[in-house]
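Chain by chain, the residues run as shown.
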Number of protein chains: 2
Amino acid sequence: MAHIETKHFLASEIDIDIGKNIVIMNEVDARELGLGPNTRVRLIKGDKTRGAFIALTKTMVPQGKILVSHDVAVDLRLGKEDTIGVKPVPVPPSFIGLQKRLHGQRLGQDEMYTLIKDVVDGILSEAEIAAFLTSQIYYELSEDELNALIKAMVEIGSKIEFEDTVYDEHSIGGVPGNSKVALIAVPTISSAGLLIPKTSSRAITSPAGTADTMEVLARVDLTPDEIKEVARKVRATLAWGGKLNLAPADDIFVNIERKLSIDPWHQMVASILAKKVAMGVDNLVVDIPVGRKAKVKDLKTADQLAGLFIRQAARLGMGIRVAITFGGQPIGRTAGPALEAMEALKAMIERRGSKSLIEKALSIAGLVIELSGKVSPGQGVEVARSIFESGKTYEKFKQIIEAQGGNPDIKHDDLPIGSHTYTIEAPIEGAVTHIDNAAITAIARAAGAPFDKGAGVYLHAKIGYRVNRGDPLMTIYSSSSVRLQEALNIATRYSPILVEGMLIKILP
Amino acid sequence: MAHIETKHFLASEIDIDIGKNIVIMNEVDARELGLGPNTRVRLIKGDKTRGAFIALTKTMVPQGKILVSHDVAVDLRLGKEDTIGVKPVPVPPSFIGLQKRLHGQRLGQDEMYTLIKDVVDGILSEAEIAAFLTSQIYYELSEDELNALIKAMVEIGSKIEFEDTVYDEHSIGGVPGNSKVALIAVPTISSAGLLIPKTSSRAITSPAGTADTMEVLARVDLTPDEIKEVARKVRATLAWGGKLNLAPADDIFVNIERKLSIDPWHQMVASILAKKVAMGVDNLVVDIPVGRKAKVKDLKTADQLAGLFIRQAARLGMGIRVAITFGGQPIGRTAGPALEAMEALKAMIERRGSKSLIEKALSIAGLVIELSGKVSPGQGVEVARSIFESGKTYEKFKQIIEAQGGNPDIKHDDLPIGSHTYTIEAPIEGAVTHIDNAAITAIARAAGAPFDKGAGVYLHAKIGYRVNRGDPLMTIYSSSSVRLQEALNIATRYSPILVEGMLIKILP
């Protein structure tokens, strides 16, 4: 409440990364400013400002000087002999908004903006962000709040603009093997004459994100200018969105959601739509996989989520179609970056492949093509199929690889797969009745995916296949024998693939 | 899910305090262990273990070595050339329990125990603790969960045992000037022949806690052995509970509640009762002040809270009475450690003083005395009054001061009060109709209380007093002219004391 002064300190960078902005200060200086350990301050240099948290020391830095962590130094463009102003922030600007929500009131547009600004500025601590996200579990965002959240997330971040109408497709994920779908869908859509500058994320909890998989074949860490250049040249990108500063609040939210293992729906919708708006997307197809071990368990829930996407997209003036797809087992036969890149590349070169992969990619592509109005509803998938079967999808994909700095002539057999392998065989004769998405994901990640590009899982059989005893069910790949063993431990603990014979049970 | 190895590092302490346990590790070592910035690990040395979070560096520490923050070094008894085992903890033991609560299920006794253990061990991050506390706002603890929480908070901490029956009194706080009530109540209760080893907290958001106020007159940072010794000698203590490790989860919860400005009831009840159980309290009087700017706004709410205390105390086998008291204005005339100590001491020496102070202290003391069964219900306050008026309260208080290392002959005029003062005068003739607790608290804290012992507020008039224009309403004290000015800024912004004349309004 009192007047709070800004005090200036000679600042240098310190090589320490604790996952948040810190400023190390002599405890005598801190006491004068009334600052304890982990109290919140605003760091100011010229017109730039960042939130940070205080670390106290008696010896690491003398009075009058401070040490700041790397991100702070970069954001504030810290040079030698520069001073930084340190201003205590006992009460963050978003305090009142957060309090309202924690006491059962709705946030208005300005309050949501202030909240997101504080998140991105590093003014809010993990505890406060966790409280905001947790509040959503019990007290869902209203559609007005969600709309305000999306707009604020877009506003506080960068945007990329294109001259032509922008199309895109996005899966909410949760099914292993899904990352490769976009590798086929995007060049198919582009071949239909549409502009699709797709950016995607790396894996958070899955074996591979589309960005991880594409990175096996080409650069994905494009700058905004490079994205515009590639889009201008080949009218499609398969890039990583991580460094583009699109809706940057999202990364911070995702990090904490992951820690708490919560995934509030409205926050997910905001995350997806905000990034699309920031990329100037005019027409979008959203894929919601449904399955026992997918993010969405049943059709009724999928319908509700689809409704949320559709109403919010309408408020944003974005054309949208939602595809509810079968998520009851992995897509295609592979999970893991290089294995998935290999499967997608092989399918495009040979113009055939796993039905679940090809059908899904072409259905999604078809819906996007229909959004353009160039084909009648229901005809999109056939248009997509003829593009795919004509080899145009592969031609376009090669152009994208080349434009993103990769080798367009690379073949699937050239891709480096983990050299340590183990194949699990069918214990009995019977039919595959169930494949557990969560177990496949855990195995592929234990084997090293997505960081170990060659790690992952190849499925020899899928649901409904008949197998004989001893037939291969799945092969695990890893670049490390230790990690292969860890993956195997998980595979034996769970039953990732269930084979059932005709004889279910014998009574006494 | 995979087997996780513990790796050993040569460890030294680093002089940095960021408010949580950190371990600084070379990023090459961290990568090998699969650890990123701010990931959770368990540090192990011999039979001791602490949670900590990873900070990465390229240069501050070479491979094979780590730097740990002070608290870790102390807790693990780190010596020179010692090694510490670092074990990644991707999923904390309490993960499942926290997930249950975040998905609308109740925690069982074991799950609550595991949660509190992880809180105290430093295994949970602020985000996770914030999620647990936020969940309580929307989804209150059940009485079974509350009981489990209290037991777990007691279990994971130290206990102090006494041979005689233990009495205590506790206010939930929220009203300025309340810290001095215990200074009169405790020696009165002890003079009635009861054992009352009271421990209390320092101020968190108020101008003074009982520990801050008592510290003006004697040492309060007693060790468990000293508390037992003082209690044996004079059968009463007025000590600080902060370093006794009683229900240590509480400090961690309070820290995050404060950051979020939330105060879930059940958590407050758990905090109070857990500390009492840890101190072996058999009979307790709880004071719930009610008032527009107190923690509890109305009688109905106070009744509900009282019910919670009574039912939980019964489950713990603790005798309890709850006093609902008037919290519509500050207690007595002072707020701030030295000013309150002065007011209480003067009242005991002169055997009279502000009615709100004396009546409250003797009523509380009377209820405690009634719990002993030595006097009939309704007679306690008269017994307390005769003790107070006979001078026995003051005699006992002198004994407590002396036993806690203070000067028993100190007089109220000897206490050092802030030398910078400003007196606010009545702007018109009229009656005091309202005193704003929150504004008084903010003024006293801006003036420097509780850290500046001599800072605070003296009220010349209270609600119902008639004043003439120019009469003094309140005097602000501070040891710093800058802080006095800050306090004045707040006093002019709010209207801490409202004087209203007979003429309310003139129509045209």
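Residues numbered from 1 in each chain as written. Chains lettered and ligands numbered in written order. Predicted model: local features only at pLDDT ≥ 70, side-chain atom pairs only at ≥ 80, totals over all residues. Heavy atoms only, no water.

Here's the deal with the pattern of salt bridges
Residue and element names in this part refer to chain A. Summed over all chains, the structure comprises 69 salt bridges over all chains. Residue D82 is joined to K45 by a salt bridge in which the shortest nitrogen-to-oxygen separation is 3.6 Å. Of this pair, D82 sits in the loop between α2 (70-75) and β6 (83-88) while K45 sits in strand β3 (residues 40-45), and the two are 37 residues apart along the sequence. Between E145 and R101 there is a salt bridge, with its nearest N and O atoms 3.0 Å apart. Note that E145 is positioned in helix α6 (residues 143-155) and R101 in helix α3 (residues 95-102), a separation of 44 residues in sequence. The pair E145 / R101 is uniform in exposure class, with both members buried. One salt-bridge network, in which partners are shared between bridges, spans R202, D212, E215 and K453. (Salt bridge = Lys/Arg side-chain N within 4 Å of Asp/Glu carboxyl O. Helix = DSSP H or I, 4+ residues; strand = E, 2+ residues; numbered from the N terminus. Buried < 20%, exposed > 50% of the residue type's maximum accessible area, 1.4 Å probe, protein only.)

Let's talk about the nonpolar core
Formed by 236 residues in total, the largest nonpolar core has its most connected members in I288 and F309 of chain A together with I288 and F309 of chain B. Among the elements that make up this core, the one with the highest residue count is helix α14 (residues 355-371) of chain B (10 residues). Each residue touching F309 of chain A, except ones within four places of it in the same chain, is listed here: I172, V269, I272, L273, V286, I288, I320 and V322 of chain A. Listed in part, the 27 residues of the second largest apolar core include A446, A449, L459 and L488 of chain B. (Core = buried A, V, L, I, M, F, W, Y, C linked by side-chain atoms within 4.5 Å. Contact = heavy atoms within 4.5 Å.)

Regarding the relation of the copies chain A and chain B
The two copies are related by a screw motion: chain A maps onto chain B through a turn of 180 degrees and a shift of 0.0 Å along the axis, at an RMSD of 0.1 Å. Within this description, the copies of the chain are treated as partners about a two-fold rotation axis. Considering only C-alpha atoms, the part of chain A nearest the rotation axis is A127 of chain A, at 2.2 Å. Of the interface residues in chain A, 100% have counterparts in chain B that sit at the interface too, so the contact is made through matching surfaces. (Least-squares fit on C-alpha atoms with pLDDT ≥ 70 in both.)

Some thoughts on the packing of helix α10 (residues 249-260) of chain B against helix α11 (residues 265-278) of chain B
All names here are of chain B. In the contact formed by α10 and α11, the axes pass within 11 Å of each other and the chain directions differ by 150 degrees. Considering the angle they form, α10 stands roughly antiparallel to α11. As α10 packs across α11, the resulting crossing turns out to be left-handed. Only Q267, S271 and K275 of α11 make contact with α10, whose side of the interface consists of D250, D251, F253 and E257. Taken together, the residues of the contact of α10 with α11 sort by class into 1 nonpolar, 2 polar and 4 charged. (Axes fitted to C-alpha atoms, helices over the stretch in contact; angles between N-to-C directions. Parallel < 35°, antiparallel > 145°, perpendicular 65-115°, else oblique. Left-handed = near helix turned anticlockwise from the far one by under 90°. Nonpolar A, V, L, I, M, F, W, Y, C, P; charged D, E, K, R; others polar.)

Side note on unusual backbone geometry
Here the residue pair A449 of chain A and P450 of chain A is connected by a cis peptide bond, since its omega of 0 degrees sits within 30 degrees of zero. Along the chain, P450 of chain A turns up in the loop between α17 (437-446) and β15 (456-459). Although it is not a glycine, N245 of chain A sits at a positive phi angle of roughly 60 degrees. The class for N245 of chain A is partly exposed, based on a relative accessible area of 37%. Look at S261 of chain B: it is not a glycine, yet its phi comes out positive at around 55 degrees.

Observations regarding the interface of chain A and chain B
Interface size is often expressed as the accessible area that is lost when the parts come together. The interface is formed by 49 residues belonging to chain A together with 49 residues belonging to chain B. Note on chain A versus chain B: buried area summed over both sides is about 4,100 Å², and carbon and sulfur give 61% of it. Along the contact surface separating chain A from chain B lie 0 salt bridges. Across the contact surface, chain A and chain B share 15 residue pairs in polar contact (both at pLDDT 80 or more). Elements represented by at least two residues in the side of chain A that touches chain B include exactly β2 (22-26), β4 (48-57), α3, α5 (126-138), α10 (249-260) and α18 (481-493) of chain A. For the side of chain A that touches chain B, the leading source of residues is α5 of chain A, giving 9 residues. For the side of chain A that touches chain B, the residue count by class is 26 nonpolar, 12 polar and 11 charged. (Buried area = accessible area lost by both parts, 1.4 Å probe. Polar contact = N/O pair within 3.5 Å; in protein donor to acceptor, adjacent residues only side chain to side chain.)

Some thoughts on the sheet that holds strand β10 (residues 283-290) of chain A
Residues and elements named next belong to chain A. Spatially, 3 strands are ordered β7-β10-β11 in an open sheet, and the strand pairing comes out parallel. Of all strands in the sheet, those with a lone pairing partner are β7 (167-171) and β11 (319-326), marking the two edges. On average, each strand axis in the sheet is inclined to that of its neighbour by 20 degrees, with strand direction left out of account. Where β10 and β11 come together, 8 bridges link them in parallel fashion. Bridge pairing in β11 places P289 opposite T325. (Pairing = 2+ DSSP bridges.)

Focus: the domain arrangement of chain A
All names here are of chain A. Domain boundaries assigned for chain A yield domain 1 (7-88), domain 2 (167-403) and domain 3 (420-500). The gap between the C-alpha centroids of domain 2 and domain 3 is 25 Å. Contacts between the two partners involve 30 residues from domain 2 and, on the opposite side, 24 residues from domain 3. In total, about 2,000 Å² of surface goes out of reach between domain 2 and domain 3, with carbon and sulfur atoms giving 52% of it. Considering only the side of domain 2, the residues that lose the most area to domain 3 are K293, Q329 and R333, jointly responsible for 34% of the buried surface there. Where domain 2 packs against domain 3, one counts 2 salt bridges. Of the charged contacts in the structure, one is a salt bridge between D436 and K293, with a shortest N-O distance of 2.9 Å. Taken together, domain 2 and domain 3 are joined by 16 residue pairs in polar contact (both at pLDDT 80 or more). Put simply, the parts of the chain that give the side of domain 2 that touches domain 3 at least two residues each are β12 (334-335) and α13 (337-350). When residues in the side of domain 2 that touches domain 3 are grouped by element, the largest group, 3 residues, is from α13. (Domains from an automatic or database assignment.)

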